[in-house]
Every structure is written in structure tokens, then in C-alpha cells.
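Inside the fold
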Amino acid sequence: MTTDISEKADSSFVELASIHTGGDGLNSTEKTLLERIESLERSKADTERVLLERIEALEQQPKGSTSENEPLIQNEEKPPLLTDSAISRRADTWELPESTYTLLIAEKVMSVSFTVGLVASAISLMSLIIVLVNELDNGTDDNPFGLPAGVSPQVRMAQFLGVIIGVLMEEEIPIGLESLGKGLKQDNSLGGGYDMRKIVFSSILRLTIGYLFLLCLFLTVIQESDVLDIFFDVLALEFVESIDDVIFELCKRGFFGRVLRNACTRDHHITIFPSNENMTFKKWTFRFIRFVYFLNASLMIIGLVVLTMKQDSGAFRCKSFSLAFGDDTWEESWVILDDGSMEKRLLVYSHFNGIYIENGTHDGKPKYSEQNKEDSSPFRATTPAEIVYCQDIESWVFRHDKIRISNDENLENECNWLLISPETEDFDVIDVSIVSTWSLWKGQIAIGYSIAVSCTECNGVVDCNYHGQCNDQRCSCDDQHFGIHCEFSRPCDMLKSSKDLNINLNILKDAYDTNVDFVEVYGRPMYVAHNLTGKPYGLLRFGYPDDDDNYFEVEYNSTISDGKSAVTPHKHLHPEFFEDDDFFQLNNVTPAFHELLKNYTFILWYSGMRWYGQLHPPGITSTNFVEEEYHAFWYNGFSGLGLEDNRTLLISDPTTRGTPAGVDFYEMRRRNIASVDVPYDFDYSPMGVLVPLVEYSGAGFFHCERLDDS
């Protein structure tokens, strides 16, 4: 029966086949007829296979399933029963996808159609490479993938969904693998197969672009911190990957000419002979494709989970940074004292400059606590300031548990903020401080305020300015440098006053410090002059008085009944004359101050932005001074109210230098309005009237003593 069918089919081609002479000089009609012959030959082969399968299926039906009177080929209303083995051996004709990659398989090399396929692949490939390079450029040495410091739960969910959606939309990898499998088992018996080298080339291009897509997708998703941006990026990458389909459709519609239209409208398929070996190969091919498909999805999800865990642990954000306020003050802050009462005090924001280290979380984002002013370890007794995220106002805030804007708790700011960032979802305080200005509370909101926030962690000697080694992300400086990043040269051991070279200020040594050999406050050295008596003329503007007395309206009456006043008092006689000495006048009325001037220590130390020169009782040494608990605000470095802060005699210009050498200083006059009992309405700055100690700006008041190296 099979032979009869074949003979009848062969007779239908005799007349058309006689036209084919095999010569090269065929006209267009003859070429058309030849193409028709080839098409009919393929149809013949397909018909034979279908009939063979139907016969095999009928032969494999169980005995007794049909009667002698039943037709072998049943009508459509009652289809024949086919066994599973017969179904699996059906002829496999696989249509090549409508893509420019098909042109790379079906068209002649270097033809117009083939070239269009190359161009389409090159566009996708170059676009994805540009995306990949751009995403990798966002990385750093300690954060190679450029992940944000953290993301919200909504963004985290969108990241996982973006990865899953992207893997589902990606089709180049499975199609590329399937093309390779079909090509390896294609039926070339009738001469209608495709060149395997071209199939491999096209499939490799598909696989390359597919994996580039997945890599770009992964990097893009993990670097985003906004939900909509994630989904927009996924769609954009999918469009770049599928540009070949767009170009193929345009060619098919004839937008790029008849040649490309004909190439895209031809029937492109691969035929596989239905043998048991081929069917088994087909089964394992699909299993392998499914395995690769789920492997890609699993690897991306596992990678995202690992990076998520590291991100949540703070691996991609700076856990220690330095905060620097400017020279801003607020004169009416309320401070909660240890006994629960409240006191109004001048708030000098720069007193809270220093190192802040991540310490837990607040409202789902990291919380940073102020560290001590010596070695950046936690305070043991002092309550630290904090930088936290306030969900109520969706902003980062600076606050302190013991500082309020009012003594009425109903008038408090949200989260008790003193400094507030713009609304943001960013986890990185450093980024927020760079890209935006903040708002500062000074009795009212002062907008457009800038703070300096910089990471104190190091990753190599370059972060230590090549003056030390980076150990555990902290710089260990050499003997000639100090500072967070070893940015300062070693301070001199002795300072001299420009007014009196006989006054020596010596650096306070610290034999127990493992980093430097001197006492540090706010990361700067501390200088002292011991055993001073009387008024320190060598540290004042006019120096020592002569017989004519250069002071304005001096009174020589003693304020002590025994006539043994330590200093001569001076009075305010005019609101515009600032060179009278209110510091010693105000304090001269107390016996304690007289006793202090018999023997005191002058201390010069840093307070976060300015150097303070203060009078303290004698006996301050590195052993009895608790430097790790010193804080300029809580030690009343200068509160602006009451007599207790009148120990501050000198104050410098705002500076970030490592030592006071070469910095301009001032005497502080009329800065304490609560202590001045005169019929004038003084309206001075929070620091009062600053009288320069030197005539020329930039000359500096203290200078280093050059010691003989011999």
C-alpha cells in the first residue's frame, strides 16, 4: 500500500521536474517553477510520513479493538485511538521564530537579509553592554555592585517581583537552546535542512544577549530604591532585548523593501524525522531547557536574597561618620537636668560635632549615636545626641533626649527634632546631606542649612592620606600625624602667646592613649599653663598696663573689705565702649574668683568649631581629667547664662585646623546679659562682643615654640 501511494505521488512531479536542467542560465519563470518543485517535494515527504504514522498507529492498536467491517480510517466524528508511543513519533516540524535571528539561519551569508539580522543583534548587544558598564560604574571598592544603603519593604518586594517578571519575559535563552537541539536532529535526507554552523552562530548570539539581559536586569533591580523605577527598568531592558522582533515585523510589512519582505514572509521550519532516538532527544532537550530556565531564576533570586541580607546588616552603608555643624547657635533651648527640672541655655550646635556610629534602628532605618570626643567610643555616663529617621515626617532628624524647644511638652517638634532633612526615603544620611539642604531650629525654622557629613571608615592607605595604615576600617597613623584620616601633622608640644613669650602653653600628655601621646578632645590636642596667678595680661589684648593705665575709666577701689583684691575692677560706663573688662569685673565680686586667681590653670581646648581659652582650678592632669566624658555643651563650655560659664576668657575664629597655632583669637566681652546690671538694652550676638587679640586678621595669636632638636 505504501508503495502505491509513493508511486502515485512521484508521478505528479514528472512534468515539473523535466523543466529543471541544472543550468545557471534560468530565467525568472524557471526559477519560480524550481521553487515550486522543491515545495511539492517537501509536501510529498510530509504526506508520506503522516500516512506512515497513521498506519503504524492502527497496527499498534490492541487486538479486537476494531472489527473487519470497521474502516481503517475513521471519520472526524469518531477519531482513531492512538497509543502514546505513536503520538510521540509524530513528525516534528518546528517553525523558526519570527525574528531577525531566523534570517541568520535561513538567508545566505552577507546577503541583505543576513546583514539586517546582524545589525539587529548588534543593536541589542551594544545597548545591553552600555547598560552593564553604566551599572558597574556605580560600584565602589567596598560596594562593587553599587547597592543603596538600604531599601523599604515595598522596594524589596518590587525587586523580587522585578527579577521574576524579567526571567519570565526573557525568551532568547530558551529559544536559543531549542534551536540548537532542533538543528542537531534536523532531517537533511531531502536536502532541505539548514547549515548547522549558522544555527550555532544564531543560537550563541541569542544566548549571549539573553544572559546579558539577565545580568543587566539583576544589577539594575538591586541598585534601585524606588518601586516604579524598578518596573520601568525591567520594561526598558525587555524592549532592548526584543528589538530584533520589532525589526523583523517592520521588514515583514515591507517597510524596508521587497527583498526583506520576501525573506521575512517565507516559510522557515526545521523538520525532524520521527525516530525513537530523536523523540528521546527532544524530551531531554525540553528537560534541559526547563532546568536552565529555573536555574537562571533560582540563581538570581538566591543572589538577591544574599545581597538583601548583607544590605540589611549594613554592609553597603557607612556605619561611622563625622558630623560637622556650622557656627550656629540658639539662645533659648531648654535642657532637662538630672533632677528633672528644666533650664534655659545657649545651644551651640558645633558642640555636638564629632563621630556618630550606627547603633540599632529607629522607624525601620539605622540610628546613629554620638560618640565621645576622645577616641570615638561610646559615652559611659553622658547622654549622646542621635541622628534618626522620623517616620511621622519622613525625614532624618538630629535630636537629643535632654534638649527641648520649649518647657511645654505640647509644643514639641515631631520626634523632638533640632535639625531636619527634606522628606526622603533614603537610608544613607551621607547622601542626603550631599544632595539637599536641611532645616535648623533657632527659635524658628532656618531653611537652607548645610551640614558636613563624611564617612570615617577607611578601605586602604589612600583613605589615611598615606600617613598610616587602614586596620579594621580605621586609620592607624604614623608618629608624625593624627586625625580620623591622619590628615593633621603632629601638634607642637609648646605654644607661645604673641603678647608675652614668657607664657608657655604645654600640650597635655597622655601616657595611656594607644593612638597618640597627648590628651584629645574633639580630635584635637589640649594645651595647659599651670600655676598662673592674677590677671593673665599676657593672654589679653592690651598686655600689661603701664603707669598711665590705658584702660577706660578705671576705678581703684577694692571690692574686698581687707583691701587685698586680686585684681582691679573695671566698670561699664558706655554701651558702645567694649574695651572695658567685664570678664574680671563680673567675677571680681565673688570671693571664689579671688581665690581662683591665686593659683589657676589656663586651658586651651577645642569645642567642635572654636578653640576656648578658660580658667580652671589647678591640678588638671591627664590622670584626673576624664577626657572620654568631656563634652563642651554638658560641661558648660559656654552657656550664655549665669556666672558659671564665665571661665571662658578667649574664643577663636571658627576653624577646622588640627592645632590653635596661627588661628585668630578674641576676648569675649558683654556676652552674658543676665549678669550685667546696667540701664542699657544690650543686643549683642550670642557670643557677645568679640575683641580681636591681634591687629591684623590671619596673624594668629598662638604660635609653636621651635625646640632645639639637639
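Some remarks on the packing of aromatic side chains
- Applying the stated rule across the entire model yields 22 aromatic pairs.
- Taken together, a centroid distance of 5.8 Å and an interplanar angle of 70° make the contact between F352 and F398 edge-to-face. Residue F352 is found in the loop between β5 (342-348) and β6 (354-362), and its partner F398 is found in strand β9 (residues 395-399); the two are separated by 46 residues along the sequence.
- The class of F352 is buried, set by a relative accessible area of 1%.

Points about the state of the cysteines
- For the structure on display, the rule yields six disulfides.
- Each disulfide pairs two cysteine sulfurs, and for C458 the partner residue is C470, the sulfurs being separated by 2.1 Å. Negative torsions about the S-S bond denote left-handed disulfides, and the value of about 95° found for C458 with C470 makes this one right-handed. On the criterion of sequence distance, the pair formed by C458 in the loop between β14 (452-455) and β15 (468-471) and C470 in strand β15 is long-range, its members being 12 residues apart.
- For C458, a relative accessible area of 1% puts it in the buried group.
- On the accessibility criterion, C470 (21% relative accessible area) is partly exposed.
- One disulfide bridge connects C477 with C486, the sulfur atoms lying 2.1 Å from each other. Disulfide C477 to C486: torsion about the S-S bond roughly -95°, handedness left-handed.
- By relative accessible area, C486 is classed as buried at 0%.

Concerning helix α11 (residues 243-252)
- Listed in full, the buried residues belonging to α11 are I243, D244, I247, F248 and C251. The arc enclosing the buried residues of α11, seen along the axis, measures out at 135°, which places them on a common side.
- Looking at the buried positions of α11, the neighbouring elements they touch are α5 (100-106), α6 (112-137), α8 (172-184), α10 (227-241) and α12 (258-265).
- Of the residues trailing α11, G254 is marked for its positive phi of about 90°.

Looking at helix α7 (residues 153-169)
- Spanning 17 residues, α7 covers 24 Å between terminal C-alpha atoms, matching the ideal 24 Å at 1.5 Å per step.
- Within α7, the full set of buried residues consists of V155, R156, A158, Q159, G162, V163, G166 and V167. Down the axis of α7, the sector holding all buried residues measures 165°, keeping them to one side. In α7, the exposed positions that point more than 90 degrees away from the buried face belong to P153, Q154, M157 and L168.
- Along its buried surface, α7 packs onto α9 (196-223), α10 and α13 (276-312).

What to know about the sheet that holds strand β24 (residues 600-606)
- If you trace the nine strands from one edge of the open sheet to the other, you get β28-β27-β26-β25-β24-β23-β20-β19-β29, paired in antiparallel fashion. Among the strands making up the open sheet, the edge pair consists of β28 (689-692) and β29 (702-704). With direction set aside, neighbouring strand axes in the sheet form an average angle of 30°.
- Strand direction decides the pairing type here: strand β25 (residues 611-616) and strand β26 (residues 648-652), joined by three bridges, are antiparallel. Within β26, the residue paired with G613 across the bridge is L650.

Considerations on the side chain of Q614
- For Q614, the position within the fold is in strand β25.
- In this structure Q614 comes out as buried when scored by relative accessible area, which is 1%.
- Side-chain polar atoms of Q614 contact the side chain of T648, separated by 2.9 Å.

A few points about the pattern of salt bridges
- The tally for this structure, following the rule as stated, stands at 22 salt bridges.
- E425 is the salt-bridge partner of K365, the closest N and O atoms lying 3.6 Å from each other. In this pair, K365 is assigned in strand β7 (residues 365-370) and E425 in the loop between β11 (417-420) and α14 (429-435), connecting sequence segments 60 residues apart.
- Classification of E425 by relative accessible area gives partly exposed; the value is 40%.
- Residues participating in the shared-partner salt-bridge network are R490, D493, K509 and D517.

Some details on the nonpolar core
- Of all hydrophobic cores here, the largest spans 51 residues; its most connected members are L505, M526, F602, L604, F665 and F702.
- When residues of this core are traced back to their parent elements, those giving at least two are β5, β20 (504-507), β23 (527-532), α16 (591-596), β24, β25, β26 and β27 (665-669).
- The element that contributes the greatest number of residues to this core is β24, accounting for six residues.
- Apart from residues no more than four positions distant in its own chain, L604 is found in contact with L495, L505, P525, M526, Y527, W611, Y612, G613, P660, F665 and F702.
- Within the second largest apolar cluster, 37 residues are counted, among which are I393, I405, W441 and I451.

Rules used throughout
Residues numbered from 1 in each chain as written. Predicted model: local features only at pLDDT ≥ 70, side-chain atom pairs only at ≥ 80, totals over all residues. Heavy atoms only, no water. Phe/Tyr/Trp six-rings, centres within 6.5 Å; stacked < 30°, edge-to-face > 60°. Helix = DSSP H or I, 4+ residues; strand = E, 2+ residues; numbered from the N terminus. Buried < 20%, exposed > 50% of the residue type's maximum accessible area, 1.4 Å probe, protein only. Disulfide = S-S within 2.5 Å. Arc of directions from axis to C-beta. Contact = heavy atoms within 4.5 Å. Expected span 1.5 Å × (residues − 1). Pairing = 2+ DSSP bridges. Axes fitted to C-alpha atoms, helices over the stretch in contact; angles between N-to-C directions. Polar contact = N/O pair within 3.5 Å; in protein donor to acceptor, adjacent residues only side chain to side chain. Salt bridge = Lys/Arg side-chain N within 4 Å of Asp/Glu carboxyl O. Core = buried A, V, L, I, M, F, W, Y, C linked by side-chain atoms within 4.5 Å.

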